[in-house]
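# Coordinates in review
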Amino acid sequence: MTKPYRVLSIDGGGIRGLYSACLLQGISQRVARTNGTPDSNLDVGKAFDMIVGTSTGAILAVALAAGCSLEDVINLYKTKSKDIFPSPTPNDAGMRKMLLWLAKHTLKTSGSESELQKALKNVLADETVEEMYHRRNIGLCIPTINAETQKAWVYKTPHDNVNNRLQRDNKYALVDVCMSSASAPIVFPLHKVKNPNSSSEDNNWFVDGGLWANNPIMVALVEALSFAPDDSKIEIISVSTCPPFTASMMDDKEANRGLLHWKGGIGILEMGLDAQSSAYDYMAKTLTDKMNREIEYVRLSDPELEDSVAQHLTLDNPSDTTINALVKLANRAVDKNMSEATTGDKTKSIIMDIFSGLSQIKKQ
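Keep in mind the model is a prediction, meaning the values are calculated, not measured. Residue positions within a chain follow its written sequence, with the count starting from 1. The model is predicted, so local features are restricted to residues of pLDDT at least 70 and side-chain atom pairs to those at 80 or more, both for listing and for counting; the totals for chains, interfaces and linings are taken over all residues. The side-chain numbers reported here are obtained from all heavy atoms of the structure, hydrogens and water having been left aside.

Right, let's get into the pairing of strand 8 (residues 295-299). Relative accessibility thresholds used throughout: buried, under 20% of the residue-type maximum; exposed, over 50%; partly exposed, between the two (1.4 Å probe, protein chains only). Here a helix means four or more residues in a row that DSSP labels H or I, a strand means two or more in a row labelled E, and each is numbered from the N terminus. For strand 8, the buried fraction is high: four of the five residues fall into the buried class. Here strand 7 (residues 234-239) pairs with strand 8 via five bridges, running parallel. The residue of strand 8 that forms the bridge with isoleucine 236 is tyrosine 297. By the convention used here, strands pair only if DSSP detects at least 2 bridges between them.

The criterion is simple. A nonpolar core is a set of buried Ala, Val, Leu, Ile, Met, Phe, Trp, Tyr and Cys residues joined through side-chain atoms within 4.5 Å. By size, the foremost hydrophobic cluster in this structure holds 84 residues, and its most contacted members are Ile51 and Phe355. Residues within four places of phenylalanine 355 in sequence aside, it is in contact with Leu24, Ile27, Ser28, Val31, Val44, Phe48 and Ile237. Among the nonpolar cores identified, the runner-up in size contains 20 residues, and Met50, Val154, Ala224 and Ile234 belong to it. Every residue pair with non-hydrogen atoms within 4.5 Å of one another is taken to be in contact.

Now for the packing of helix 1 (residues 17-34) against helix 13 (residues 320-342). Here an axis means a line fitted to C-alpha atoms, over the contact stretch when the element is a helix, while the angle between two N-to-C directions is reported on a 0 to 180 degree scale. Running from N to C, helix 1 and helix 13 point in directions that differ by 40°, and their axes come no closer than 8 Å. Regarding the angle of helix 1 to helix 13, the classification is oblique. Helix-helix and strand crossings are classified by hand; for helix 1 and helix 13 the assignment is right-handed. Within the contact between the two elements, helix 1 uses Leu18, Tyr19, Cys22, Leu23, Gly26, Ile27, Arg30 and Val31 and helix 13 uses Ile323, Leu326, Val327, Leu329, Ala330, Ala333, Val334, Asp335, Asn337 and Met338. Residues are sorted three ways: Asp, Glu, Lys and Arg are charged, Ala, Val, Leu, Ile, Met, Phe, Trp, Tyr, Cys and Pro are nonpolar, and all the rest, Gly among them, are polar. Classifying every residue of the contact of helix 1 with helix 13 by side-chain character gives 14 nonpolar, two polar and two charged. Angles are sorted into four bins: roughly parallel if under 35 degrees, roughly antiparallel if over 145, roughly perpendicular if 65 to 115, and oblique for all others. Each crossing gets its handedness from the near helix: less than a right angle anticlockwise from the far helix is left-handed, clockwise is right-handed.

Within strand 3 (residues 139-146), eight of the eight residues are buried, which leaves the element mostly enclosed by the surrounding structure. Side chains Gly139, Cys141, Pro143 and Ile145 of strand 3 all project onto a buried face; the interleaved residues Leu140, Ile142, Thr144 and Asn146 project onto the opposite face, where all are buried too. Where strand 2 (residues 50-53) lies against strand 3, three bridges are found, and the strand directions are parallel. Looking at the pairing, valine 52 lines up with cysteine 141 of strand 3. In this sheet, strand 4 (residues 151-156) lies alongside strand 3 in antiparallel orientation, the contact comprising six bridges. Of the residues in strand 4, the one forming a bridge with threonine 144 is tryptophan 153. Two successive antiparallel strands, strand 3 and strand 4, enclose a turn made up of four residues, where glutamine 150 displays a positive phi of approximately 55°. Summarising the sheet, strand 3 and strand 6 (residues 203-208) pair through three bridges and their orientation is antiparallel. Note on strand 6: the bridge partner recorded for asparagine 146 is phenylalanine 206.

With that settled, the discussion passes to unusual backbone geometry. Even without a glycine there, the phi angle at asparagine 164 is positive, about 55°. Topologically, asparagine 164 is positioned in the loop between strand 4 and helix 7 (174-182). Given the relative accessible area of 53%, asparagine 164 is considered exposed. With a phi close to 55°, cysteine 242 is a non-glycine residue in the positive phi region.

One can find leucine 211 in helix 8 (residues 210-213). Classification of leucine 211 as partly exposed rests on a relative accessible area of 40%. The sequence separation of leucine 211 and proline 189 amounts to 22 residues, and the corresponding C-alpha distance is 14 Å. The contact partners of leucine 211, leaving out residues within four places of it in the chain, are Ile145, Pro185, Leu269, Leu273 and Gln276.

Here is the structure:
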């Protein structure tokens, strides 16, 4: 039988990317233990033909495609997040705290692009999109937005092996790819990248791809349909960042929200990103069910969230409480998905197939 064409899709969600990383690590380790193989330093990226990720999901997608271990990615989130998010939005309703935060960031962003860039460079060095693809043979799609044209831009590896037409992004550095997709408004500035295809001083400016594809499953599905061999079954795993979906009972007073109640705009951003996650999941399920092609689509299950925990899961909150909560939630999600995969859920059973046979990353 022809080998299945396997795709991993990872949502955006700021610091909540730690949840996605821990969930993927936990599942891969559990499958390795089931098979009696070593469960540390696993090359999870090699399980997939293509990896798609937006914003914080872009960081995880690029790292996996490049051959980084999940242990290293998790360590980055745990040790660098407080430097990257030095001034998170207040997560309580205190009027004074929010006013002070708004005043502080009226003319400047709240996060540190330089710290994020430095952390990524320590992991990815100066490798380009083309160099990574030829070294690893893993396709990569990373949604962002060209801020000057206000049109969607998807960074892609040259994985069109038939027509050889995907060449635009070859010379872009992987670090810039991550930064372009993760430049969330208010939190980070627009990311400037010198156009490597131009001999002049021509810069491109990018803003967070989560504004249009926070859950990049539709990008993943379209790309898989475009490039998977015609006789291959397509298997797609989609991973969330455990969106809290925090909401409040509405009344006339609550509905009359101004800048303060929208947390200076961060609240609008969070609502839009989280709404996409569920909407695109529904569309992907509907489309894959109706297509005249064999496609297995799995959206990994998230655990139930208590309100006391959900309030801490904002995009830019690097507190110890948030870090510990994300790790704990990921562990619950591992148990839930592994139970579903091994006790009769035929759709979830592809988890066992995809993560079987992983090898350890060879030390350089």
